[in-house]
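# Descriptive analysis of the structure
Next come the chains, spelled out residue by residue.
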Amino acid sequence: DAVILGNGSNEIIELLVRTFMSPGDHAVTSDNSFSVYHLIVRAANGNITMVPMQDGHYDLKKIRESITSRTRMVFIANPNNPTGTIVTTADVRDFMNSVPEDVLVVFDEAYAEYVTSPEYPDDMSYLRAGHNVAILRTFSKIYGLAGLRIGYGLTKIEITNMVNRVRQPFNTNSLAQVAALAALDDTSHVENSRRINKEGKEFLYKEFDSIGIKYLPTEANFIYFQTGKDGREIFDAMLKEGVIIRHMGGQNLRVTIGLPEENRRFISALRKVSGR
Ligand SMILES: Cc1ncc(COP(=O)(O)O)c(C=O)c1O
């Protein structure tokens with residue numbers, strides 16, 4: 001009963017905001033993180049502080065300092081989209097030791113299944129210890145069911161009960177629920193995807209290093225990188241080569257790690273358009 005199902009984990013973010021934030025309330029997250037947090041908070045007439053990142057990482061100390069008496073929620077994407085970086089067990093421990101009890105801490109773990117770092121925190125331990133946390137997971141990423149729209153949140157039963165008053169009774173469809181249950185048993189798919197992602201990541205790191213592209217080491221299924229040139233121009237030129245990446249502002253770009261053939265095609269197009 002402490003599980004909330006959502007029409008994608010996106011809907012759970014929306015449900016939490018609609019349940020716990022009134023106009024004028026405040027939330028905190030990081031700059032350069034998943035845009036839905038600020039879009040939904042603002043749509044609910046809330047205020048949100050987006051704390052600058054430190055070297056591509058969430059700055060949990062500054063996030064703690066940004067909490068006010070109006071703060072209802074903190075959003076932590078871990079791993080973060082688009083940087084692929086994580087907050088560690090030690091970062092989260094310090095943060096949770098000082099965060100006010102009445103602030104709901106949302107750990108958005110959409111990409112958790114890709115993580116290989118031993119420093120990745122066990123956020124469930126805070127839930128078990130009775131903290132006001134919600135942990136969001138999705139079937140859209142490693143399970144590959146994005147089009148079916150299904151995700152879930154794990155939280156305290158009191159929080160689920162409140163969200164259930166706001167949630168539409170049939171917010172997730174039965175086809176997605178059947179697929180999600182089957183996906184949970186399909187451990188070989190997850191292992192395979194993890195292996196392909198790890199091998200793709202190592203290939204891309206090697207190629208980036210050899211052509212002198214700067215990137216952030218990732219714990220997710222995408223890599224955040226810069227070529228030293230305007231990102232928009234690189235994005236447009238890549239599109240003409242038939243390769244879709246994401247421009248993330250300035251020189252910053254994000255590429256999703258693909259199958260070996262796709263990764264090779266991406267690298268050869270990138271070499272061509274960046275003149276390297
Ligand atoms: C950090 C993060 N959280 C949540 C989502 C939402 O995923 P979905 O609504 O498909 O479960 C995404 C999707 O891009 C994401 O990057």
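These notes cover the structure that comes with them. (Residues numbered from 1 in each chain as written. Predicted model: local features only at pLDDT ≥ 70, side-chain atom pairs only at ≥ 80, totals over all residues. Heavy atoms only, no water.)

It is worth spelling out the overall build of the protein at this point. On a plain count of helices and strands, the protein comes out with 10 helices and 11 strands. Along the three orthogonal principal directions, the C-alpha set of the protein runs to about 55 × 40 × 35 Å. Counting contacts in the protein only where the partners sit at least 6 residues apart, residues at least 24 apart contribute 69% of the total. Per element, the accessible surface of the protein, about 13200 Å² overall, is 50% carbon and sulfur. (Helix = DSSP H or I, 4+ residues; strand = E, 2+ residues; numbered from the N terminus. Contact = heavy atoms within 4.5 Å. Areas by Shrake-Rupley, 256 points an atom, 1.4 Å probe, with all protein chains shown as cover.)

Let us look at the sheet that holds strand S9 (residues 222-226). An order of S8-S9-S11-S10 is seen for the four strands of this open sheet, with the pairing classed as antiparallel. The open sheet is flanked by strand S8 (214-216) and strand S10 (246-247), the only strands paired with a single partner. Strand direction decides the pairing type here: S8 and S9, joined by three bridges, are antiparallel. In the sheet register, Leu 216 faces S9, and the bridge partner there is Tyr 224. Together, S8, S9 and strand S11 (252-256) form the strand contacts of helix H8 (residues 187-211), whose direction differs from that of S9 by roughly 5°. (Pairing = 2+ DSSP bridges. Axes fitted to C-alpha atoms, helices over the stretch in contact; angles between N-to-C directions.)

Glancing now at the sheet that holds strand S2 (residues 26-30). Sheet strands pair via backbone hydrogen bonds, and the direction of the pair is either parallel or antiparallel. Spatial strand order, S1-S7-S6-S5-S4-S2-S3: seven strands in an open sheet with mixed pairing. Two strands lie at the open edges of the sheet, namely strand S1 (3-6) and strand S3 (47-51), each paired on one side alone. Pairs of neighbouring strands in the sheet enclose a mean axial angle of 20°, with direction left out of account. Here three bridges tie S2 to strand S4 (residues 71-77), and the two strands are oriented parallel to one another. Note that in S4 the partner of Ala 27 across the bridge is Met 73.

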